[in-house]
Structures are given as structure tokens and as C-alpha cells.
Amino acid sequence: MAKRLKKTVPPPAKQRESVPRPTSLQGRETEIALIDQLLGRIDLGGSALVIRGAAGIGKSAVLEEAKSRARERGITVLSMTGVQAEVHIAFAGLEQALRPLMKQAKSLAPRQRSALLSAFGVSDDAAAIPDIRLVALATLTLLTGGADHKPILLLADDAQWFDEATRDVLSFVSRRLRSDPIVMLLAVREGFDFPFGDADTLRHVVPALGDADAARLLDVQAPELSSDLRSRFLKEAAGNPLALLELPRAIQAAYDGEARWLPLTERLELAFCSRVSELPNATRTLMSVAAANDGTSPHEIMRACEVVLDGSVGVDAFAPAVSAKLIEFDATEVRFRHPLVRSAIRQAADVVTRQRVHAALATIIEDQDRRLWHRAAATVGPDDELAAEHDLMATRARRRGSIAMVVEILQVAAKLSSTTKARSERLLRAAEFAVDLGRPELLQRLLGGAEVDGSDELGAARIGWCREMSQLPIVSDPGKISALVGFADQARAAGAKSLASNLLFRAAQRCWWSSASSDVRASVLAAANRLDVPDLDPRFIAISAYVEPLRRGGEVYAKLNALSVTGTGKADILRVLGSAANIIGAFDLGVSFLGESSAELRKQARIGNLPRVLFVQAWSEMEIGDWVGAARQAEEAVCLAEETGASLWAAAAMTVKANVAGMQGNLEQCEAYARQVERLFLSTGAGFLLAMLQMGRGIAAIGAGRHSEAFEHLQRLFASADPAFHSGLQLFALADFVEAAVYSERSQAVRGLIDDIERMSAPKPVPWVETMLSYGKALLATDDDAERFFLQGLGQPARNWPFLRGRLLLGYGAWLRRQRRPANARAPLREARDIFDALGASPWSDRAREELRAAGEASLRRTEQIWERLTPQELHIAQLAAQGLSNKVIGARLYLSHRTVGYHLHHVFSKTGITSRSGLGPVLSKANSPAT
């Protein structure tokens, strides 16, 4: 048994042995102590540390010291360095770090392996377009697999120059290191926007050296300085180690007489430039080529230099630059001693020299994409042939999964275009890709540059689509709906039926989100009918659902049933169908569509799309009585939404958590979630979020027996002047609002509502709506009619909605008891109690027991289930483990490392008292299915 547990329990809490030793870095004791602390506890779990500081402040030296200390401890070191010239090469930085681990890529899951190889350009499978987070998951798997053998230190220097794809992958990995022996150190120059990691990511700013340390360093490097120069250098260096090392070497060039004042970085660049100017011509040219090159091969640099000089260049030409301490050189690599050396050389070169250097590099470089970058840099004015080649490069970048790189390439292609039409088309294509990047300033700049002719209706529609998709449709603005309908008509007239359908679907969503008027809704439906699409077209079905969920609910329900039989495997279409099902109250269909959608998104590692789907899935699971599943999906939606910046869906998922907490009688937790959502979105006018919160508060108050309070909460959804007013969600609150009104003696306020909903949903309401109407009618009815409505509501369809069915049974049993029929009352009350017990709806369980007791039957108190001690994430992992899935497979499904999975299972075993995976099934059996 112990052997089985060993696979899932993390290593014992034991610090990795280290031998404290002094550092050769002057004045960096704090930084070294921090690194020693991280490395010393690496076996207890990983961490990420972002080190910031000015150019030359010593960040690279700190990382070098970390590398040395890690190797002394037997820790594997992986390194990567950002280079400004390589920022346009997707995954360039990541490939550096993973190169030593790529032999293990064959053990990756097929999708992960394909994504990683495509990202690195090793595979050219046109059918495999990887989501960047699938690449990130493959990276995490490689790193954690390597760390199973030896702990890993991952060093990332000059991270501000990493390509965006590499930064995204590193950020993903950094959030998932807590259970793995991996430490990540990133050095970033100050002044660069570098959003990275999460709240648990450690951050440290490397300060300037203190006066004493600066003086000691200067005296060691330049002991011959006069007192005046020494004082001047100490003042101007301001504690910057690189300045203290380099400025004295430029005494004659920079300090004869009174030199004009410059910022320190520029002074350093001038110092480096002065040294470059003293080099032989061949060496200077080598330096210009190396500074412009996006590679480090000495052979490549020499060949390009020969093209520039039109003559041979030997290896010895590098020697003067090495002697001047500008570069480090070996047979395989040329490295600048500091990024400021490279930037100084690049800035010092005139335009003609830069063009000649890039043209030379384009001549000798074999890699197709690198060659194109240099050709573009060497080109002045338009070049349509080169622009067309960049279009093909954008396609290759798309295949590698780097959307940010696609956008950058298309912008270069636009600059190379000779006509306004071609330039605008490329910028518009870039904008369509940029929508997915979540960078509104970039999107607006691209759209501003796309000069669409007034007669180009399709171009105008595409711009309208991009602008719409960059915004959240949560604010009531009927004008936007009308504009979308207009764009859809333009797209339809241009033959772009798919774009027109997408525009109208968005308009329909806005109708629902913003409680649009009947005239506006009618205009959307009329435009949709003009598309002339098949009856079972998913978006047409969804448009009908969002625009008229009651009036067209029956029709939509029938179509969704038909599609649930035929099936469709595309994640996005499944999401559309699932959302449409939820809007009309067909949660039993919605949960199926959405479950398939989220499963497909997981396979593709499309994490950015998951939060929204998981939120809607959580809502449908809540309605069908799978509150465990609802809490699980909502918890994961919040985590992934926070990671991907999708704060709207994080807030939406919290409303599900608030509603579940309210139904379970946890008033404090319900209100805590509600206040958290209000803090996030109160200022945005997100009426649907406020409405969902009022529903949670209302049901919590009903459970507590505070019906007047519940009525006050719920009536806000029906008051048109209230920020929480939401016509689409009024249907969802119907049963609660009627119950609150009846038990607070305000029945008259809701009688008309029942009549209105029944009239709008005629002739055949969706089963869920029909069941709610029956419940509402039963509560409002006279004694002569109540039983008929209770029995109607308790028909077969009600079994799909356990909580609603339980309330019908409770209401019916209580009514029977009041009619002096206690014997008849016991069966429905008993069934209601069991349903509420299974759901964990404590207030309603207590009420059912009270009614049973009054009807002459005693009940035992509900006992806590063992699985209820687990967090939603622990329960999710335990359920997957009970299915026989390995830690590795579970980790891939939940975007965690296998060690993190083991960490959570260790807690599961501890909380439940079981000792192996085989014991999980019996413990979790009642948590694995909805209450019935």
C-alpha cells in the first residue's frame, strides 16, 4: 500500500543541502540570499522570481551566480536569453531552453508533441494549428518530466526581448510550479511593460549599489583614477555596476573637457561606440552584422560580412572586438557582453549601412522566414512580391500557433504593399487576428490604418465585426444592435453569409444582455430571415433563442432536440447550441452540448475559450441538480479566467457559486461572492451580472425564511429603472419571485407575471418553463385548484430539475397537511427531504423534516458525506482518479503538472481517510451524479 501512495505523495519536506559560500558579486548579498532560499527549498516545491532593474545594474550577473550555485547542488540548469533582433521569431526563446529536453518530446501525448514540433518549425503539418497553450502544456510536461530525475533551474535573461509566444508559455508554466522542483528566474529591464505570472509570483527589484560597495568596485577596476575623476565616476554611475566597469575605459573619449550630460544608458552606449570606432574596418563590419543578425553563428556573420565588404574575412577579425571586451566568441557562437553593446552598434550605424547589412544577411541565410525579415529590413519603398511572400510567412506563423507573430508579419506586408487596397486588406486581416490577442490599442491602430473605401461594404462590415468583438456586450446600447444589423446586411449583400450570421448572432446576444425593445428584436429576426439559411443552422437557432426566448422557445427546443440526436463535433458550434439551450431553459440539453464543447476545447488546449463555456456549463449543471459539477466547473472557470484576463467570465462564474451557496443555505458565502462580483463590475453597467446576484440573494433569503427580503431582492429584475433589471433573466427567477411574493403576502404583484409568461410561451412552453408555471400557479391558486397544478408540475419533465421538483413536493406535502391529509402528505414530503439531502440544500431539508414531523413522521438528521470535505478542485481530481486516469493524464486534462495532481490527491487521501485510488469510487459515488 505504501508503494502505491508513493506515486502520488510529494517528496518529504526536506531542504536540499547547500554549502553557504561568499559571493563574488559586490553588494548583492540580498539577491544571493533570496536565490539560496529558493534553491534550498526546491524539493519542497517550485517558484518563479521576476528580477527587475536598470540596464547594467547586474541582473545577468545575479543569474550567472544562480547558475553556479544550482550546479553545485546538482540542479539541472536550463538557460534562455532574449535578443532584440530575434523578437520577431516565434518561440525563439523557448526553443533555447527546451533544446536539452527535446529528446523526451517523443513521450509527450500526440497533440502536445505535434503542437510543440509545429511551434519549433520541426513539423510542417498544415492540419495541426496548435493553440499556444497546447504548446505551453507540452512545455510544462517536458519540464516536470525532467524534474522527476533532477530539480531544474530555468534562467531567462533579458526577458523583455522574448517573442510574445515565449512570454505567454513562460507565464503559463510559472503558475504551475508549486508542486514541482522547478525554480524559474526571469530578468527584465526596467521601463518595459512585462505582465507575468500571478499573485504568487515573486518579484524583486535590484537596487543600485550602496556608496561603499560602488567605491570598492570602482577601485578594483580602475585603481589609477585621480581623486576628481573617481568622485565624478561614482556620482555619474549612481551605483550602476556596468557604468563603474565601462565608463573608466572611455576616459579620453568622453571626459576630456566638459562632456554634455546624457542619461546613463546613453552614456554607456556612447562609451561602447567609442570603442567600436577604434576597431579595424573588418571588425567594425563584423560587429554591425552581428548586431543586426537574429542568429549567433560566427560562420553566418563572417559570410554576410564578406558580402558587405566584397572580400574575404578571417576568424581573426573577431579578435580586436574580444580584446575591447565587446563580445565573447567561440567556435559556435558570438555573444555581445551586454545588450547595450548591441543597441549601441545598431544605433550608431547609418541607414545605408543597415540596409547593406540586412541585404547581406538575406543573401546568405538559409532559413526562409529569417531571410524574409532581413529582406524587408533592407527594402526601401513598396515591393509587392516581397509582400506576397510575407503573406505566406504569416500562414506559416499561424500554423505554428503564434497569432501575435501573424499580426506583426501582416503589418510588415502592409508596409510593403504598393496600393492602398492591398495595404488596407492586410491591415484588416491583421486586425481580425488581433481580436484574439486582447490588445485594444493595437486593434484600433490596425483598424485606423485600414483605409476602407466608402463603397466597400464588406470591408466596413469586417471593421464593424472587429470593433464589436473587442468589446463586451454587457452594456445596454440599442444603437450598437442596429449598427450590427446594418453591417450584417452589408456582409450578406457582398456574399459573406458566415460573417453576416456572426454579426447577427452578436446582435441577438446584445438583445438578451441589454433587454432590448421589441422593435429592435424584430429587426434582428428579420435580418436573420433574410439570410435564408437552413432551419437547423446552429447560429440561426441561437439567434431565435436570444432574441425571443419565450415566444420562440418551443420551436428552438424542438430544433435543439433534433441536433442533439444528429450531433456536431465542433467546440464553437457546441458552445453556441449549449448557450441557446440555457437561454430558453432547456438545461438538460444545454449540459450535454456544453460538456462536449468543453471536452473538445480541453483536447485542443484552448484555455482562452474555456472560462465562458465552463460558466455556462456550470449554470446548466446547477439547474439539473448537479451542484457538485456546477461548483467544480465554476471554480475552474474562475481560475482560468483570472489567468487569461477574462474577468467578465470570472465574475459570471462567481455568480454561479453565489447561487449554489444560497441554495445550500450558506448566506455569508453567498453574500461574499456577490460583493466580490459587484466590486469587479458594478461600474460597467453589467445588468445581467447584477440580476444573477439578486437571484442568488433571493434564493438564499427564501431558504432562511426571510421572504420579504427575498421579494425585495428579486423584484429588482422586474423594475425597468433598476440597474439589475433584466428581461431575459426574469424567466429564471419566476419560481423564486412567486414564492417570495406569496409568503410575504404580496401575491397580487406576481399574478399578472404568470399570465404574461404563459401567454408569451404559448402554445407549447419548454418543459422547464411549464414546470415553473405550474409551481407558480399552485402557490397562487385557491384550495380547489392547487392540487391540480401541483400534480401538473410533478409530471415526468420535473424529474430533470431536482431542486424545482423538491420544492414542488415540499409545497404539495405542506398543502396536503394543511388540508388535514397528513397520511397523504408524508410521501411527497419524504421524497422532498431526500432530494434536498442529496443536493445539500440544508434549509429546505430542515423545512421538509419540520413538515414531516407535523404530519406525524420523524426523520434522522442528514449526515455529512465524506467527499463534502474536499475543495472543488480536489473533488474534481479525485473523480478523475477514480475513473482510473493516471496523474499524467489528469494533469494534461486540467493543465496541471502530474506532481500537482499528486499533491492534491495526497490531500484527498488525508481528508477522506482512504489509502489508495481503489477506495475513491465508493466514497465519491454520491458526488458523481445529479440528485434525482
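Remember, predicted model here, so these are calculated numbers, not experimental data.

### Topic: the overall build of the chain
On a plain count of helices and strands, the chain comes out with 48 helices and 7 strands. Taking 932 residues into account, the globule formula puts the C-alpha radius of gyration at 30 Å, and the chain, at 33 Å, falls close to it. Projected onto its principal axes, the C-alpha positions of the chain cover 110 × 70 × 50 Å. Of all 932 residues assigned to the chain, the portion counted as buried reaches 56%. For the chain, contacts bridging at least 24 residues in sequence account for 68% of all contacts bridging at least 6. When the accessible surface of the chain is summed, it comes to about 38,900 Å², and 51% of that surface belongs to carbon and sulfur atoms. When the 113 positive and 109 negative side-chain charges of the chain are each reduced to one mean point, those points stand 4 Å apart.

### As for the environment of Asp-158
Looking at the element boundaries, Asp-158 is found in the loop between β3 (152–157) and α7 (164–174). Expressed as a C-alpha distance, the spacing of Asp-158 and Arg-52, which sit 106 residues apart in the sequence, is 9.8 Å. Among residues more than four places away in sequence, those in contact with Asp-158 are Thr-81, Gly-82, Ala-187 and Pro-339.

### Description of the sheet that holds β3
Read across the sheet, 5 strands follow the order β2-β3-β4-β1-β5 without closing on themselves; strand pairing throughout is parallel. Taken across any chain shown, the strands that pair with only one partner, and hence form the sheet edges, are β2 (76–81) and β5 (202–205). Within this sheet the neighbouring strands show an average axis-to-axis angle of 15°, counted without direction. Across the face of the sheet, helix α3 (residues 59–72) comes into contact with β1 (47–53), β2, β3 and β4 (182–189) while running at roughly 165° to β3.

### Looking at the environment of Pro-181
Structurally, the position occupied by Pro-181 is in the loop between α7 and β4. Residues Pro-181 and Gly-46, spaced 135 residues apart in sequence, show a C-alpha to C-alpha distance of 4.9 Å. With residues near it in sequence (within four places) discarded, Pro-181 still touches Ile-42, Asp-43, Ala-147, Pro-151, Ile-152 and Arg-899.

### So, the side chain of Arg-575
By the element assignment, Arg-575 lies in helix α29 (residues 571–584). The side chain of Arg-575 is buried and forms no salt bridge, while Asp-572, the nearest opposite charge, is found at 4.8 Å. Apart from the residues within four sequence positions on either side, Arg-575 is in contact with Leu-594, Ser-597, Arg-612 and Val-613.

### Some thoughts on the side chain of Glu-548
When you line up the elements, Glu-548 lands in the loop between α27 (538–547) and α28 (553–566). Aside from chain neighbours lying at most four places away, what touches Glu-548 is Arg-521, Leu-525 and Gly-553.

### Comments concerning the packing of aromatic side chains
Evaluation of the coordinates by the stated rule reveals 19 aromatic pairs. Here Phe-711 and Phe-737 contribute two aromatic rings whose centre-to-centre distance is 5.1 Å and whose plane-to-plane angle is 25°, an arrangement assigned as stacked. Of this pair, Phe-711 sits in helix α36 (residues 707–715) while Phe-737 sits in helix α38 (residues 734–743), and the two are 26 residues apart along the sequence. On the basis of relative accessibility, which here comes to 5%, the residue Phe-737 falls in the buried class. Centroid distance Phe-790 to Tyr-812: 5.6 Å. Interplanar angle 35°. Geometry classified as tilted. One end of the pair, Phe-790, is in helix α41 (residues 783–793); the other, Tyr-812, is in helix α42 (residues 802–818), with 22 residues separating them in the sequence. Of the residues examined, Phe-790 reaches a relative accessible area of 2% and is grouped as buried. An aromatic cluster is built from Phe-587, Trp-619, Phe-732, Trp-768 and Trp-801, whose rings are joined through pairwise contacts. Over the ring of Phe-172 we find Arg-176, and its NZ or CZ is 3.8 Å from the ring centre. In this arrangement the basic side chain of Arg-788 is found over the ring face of Phe-789, its NZ or CZ atom lying 4.4 Å from the centre.

### Regarding the packing of helix α35 (residues 687–703) against α36
How two helices sit against one another is set out by the angle between their axes and by the gap between those axes. Relative to each other, α35 and α36 sit at 170°, their axes nearing to 8 Å. Classified by the interaxial angle, the pair formed by α35 and α36 is roughly antiparallel. Residues Gln-694, Met-695, Arg-697, Gly-698, Ala-701 and Ile-702 of α35 form the contact with α36, whose participating residues are His-707, Glu-709, Ala-710, His-713 and Leu-714. Grouping the constituent residues of the contact of α35 with α36 by class yields 5 nonpolar, 4 polar and 2 charged.

### Quick notes on a nonpolar patch on the surface
On the surface, a nonpolar cluster with roughly 220 Å² of combined accessible area is contributed by Val-315, Val-322 and Phe-329. Looking at the element boundaries, Val-315 is found in the loop between α14 (298–309) and α15 (319–323). For Val-315, a relative accessible area of 47% translates into the label partly exposed.

### Considerations on the nonpolar core
Formed by 226 residues in total, the largest nonpolar core has its most connected members in Phe-91 and Phe-688. Sort the elements by how many residues they give to this core and helix α33 (residues 647–663) lands first, with 12 residues. For Phe-91, the contacting residues outside a window of four places in its chain are Ala-119, Phe-120, Ile-132, Val-135, Asp-163, Ala-165, Thr-166, Val-169, Arg-400 and Ser-402. Counting 47 residues, the second-largest nonpolar core is a separate cluster that includes Ala-237, Phe-272, Ile-301 and Ala-304.

### Observations regarding the pattern of salt bridges
All chains considered together, the criterion is met by 54 salt bridges. A salt bridge links Arg-462 to Glu-425; the shortest N-O distance between them is 2.9 Å. Of this pair, Arg-462 sits in helix α23 (residues 457–469) while Glu-425 sits in helix α21 (residues 420–434); the two residues are 37 residues apart in sequence, bridging distant segments of the chain. Exposure remark for Arg-462: the relative accessible area of 13% places this residue in the buried category. Look at Glu-425 and you get partly exposed, because its relative accessible area is 33%.

### Quick notes on helix α20 (residues 403–416)
Here α20 is 14 residues long and its end C-alpha atoms lie 20 Å apart, about the 20 Å a rise of 1.5 Å per residue gives. Of all the 14 residues making up α20, 12 are buried; the element is thus mostly covered by neighbouring parts of the structure. Taken together, the buried positions of α20 are occupied by Ile-403, Ala-404, Met-405, Val-406, Val-407, Ile-409, Leu-410, Gln-411, Val-412, Ala-413, Ala-414 and Leu-416. Each element contacted by the buried residues of α20 is listed here: α7, α18 (368–378), α19 (384–399), α21 and α22 (440–449).

### Observations regarding the environment of Gln-669
When you line up the elements, Gln-669 lands in helix α34 (residues 667–681). Each C-alpha atom of the pair Gln-669 and Asp-572 lies 33 Å from the other, and the pair is 97 residues apart in sequence.

### Focus on the confidence of the model for the chain
Scored by pLDDT, the chain has a mean of 88; 93% of the residues are at 70 or more. Within the chain, the lowest mean pLDDT, 33, falls on helix α1 (residues 2–5), and the highest, 97, falls on α36. Per-residue pLDDT stays below 50 along residues 1–14; that stretch engages in 25 contacts with residues further than four places along the chain or on separate chains.

### A closer look at unusual backbone geometry
The amide bond that connects Ala-762 to the next residue, Pro-763, takes the cis arrangement and shows omega of 5°. Checked against the element boundaries, Pro-763 lands in the loop between α39 (748–761) and α40 (767–780). Even without a glycine there, the phi angle at Ala-238 is positive, about 50°. Mapped onto the secondary structure, Ala-238 falls in the loop between α9 (227–237) and α10 (241–246). Despite not being glycine, Arg-820 has its phi angle at roughly 60°, a positive value. On the secondary structure map, Arg-820 appears in the loop between α42 and α43 (822–839).

### Comments concerning the packing of α20 against α21
Interhelical geometry of α20 versus α21 gives an angle of 170° and a closest axis separation of 8 Å. Classified by the angle between their axes, α20 and α21 sit roughly antiparallel to one another. In the packing of α20 onto α21, the handedness of the crossing is left-handed. Contacts between α20 and α21 pair Ile-403, Val-406, Val-407, Leu-410, Gln-411, Ala-413 and Ala-414 from the former with Arg-423, Arg-426, Leu-427, Arg-429, Ala-430, Phe-433 and Ala-434 from the latter. Looking at side-chain class alone, the contact of α20 with α21 contains 10 nonpolar, 1 polar and 3 charged residues.

### A short note on the state of the cysteines
Using the criterion set out here, one finds 0 disulfides in the structure. This cysteine, Cys-639, is not joined by any disulfide, and Cys-670 carries the nearest cysteine sulfur, 20 Å off.

Conventions adopted
Residues numbered from 1 in each chain as written. Predicted model: local features only at pLDDT ≥ 70, side-chain atom pairs only at ≥ 80, totals over all residues. Heavy atoms only, no water. Helix = DSSP H or I, 4+ residues; strand = E, 2+ residues; numbered from the N terminus. Rg over C-alpha atoms; globule rule 2.2 N^0.38 Å. Buried < 20%, exposed > 50% of the residue type's maximum accessible area, 1.4 Å probe, protein only. Contact = heavy atoms within 4.5 Å. Areas by Shrake-Rupley, 256 points an atom, 1.4 Å probe, with all protein chains shown as cover. Lys, Arg positive; Asp, Glu negative; His and termini not counted. Charge placed at Lys NZ, Arg CZ, Asp CG, Glu CD. Pairing = 2+ DSSP bridges. Axes fitted to C-alpha atoms, helices over the stretch in contact; angles between N-to-C directions. Salt bridge = Lys/Arg side-chain N within 4 Å of Asp/Glu carboxyl O. Phe/Tyr/Trp six-rings, centres within 6.5 Å; stacked < 30°, edge-to-face > 60°. Lys NZ or Arg CZ within 6 Å of the ring centre and 35° of its normal. Parallel < 35°, antiparallel > 145°, perpendicular 65-115°, else oblique. Nonpolar A, V, L, I, M, F, W, Y, C, P; charged D, E, K, R; others polar. Patch = residues over 30% accessible without salt bridge, like charges linked within 9 Å, V, L, I, M, F, W, Y side chains within 5 Å. Core = buried A, V, L, I, M, F, W, Y, C linked by side-chain atoms within 4.5 Å. Expected span 1.5 Å × (residues − 1). pLDDT = per-residue confidence, 0-100. Left-handed = near helix turned anticlockwise from the far one by under 90°. Disulfide = S-S within 2.5 Å.

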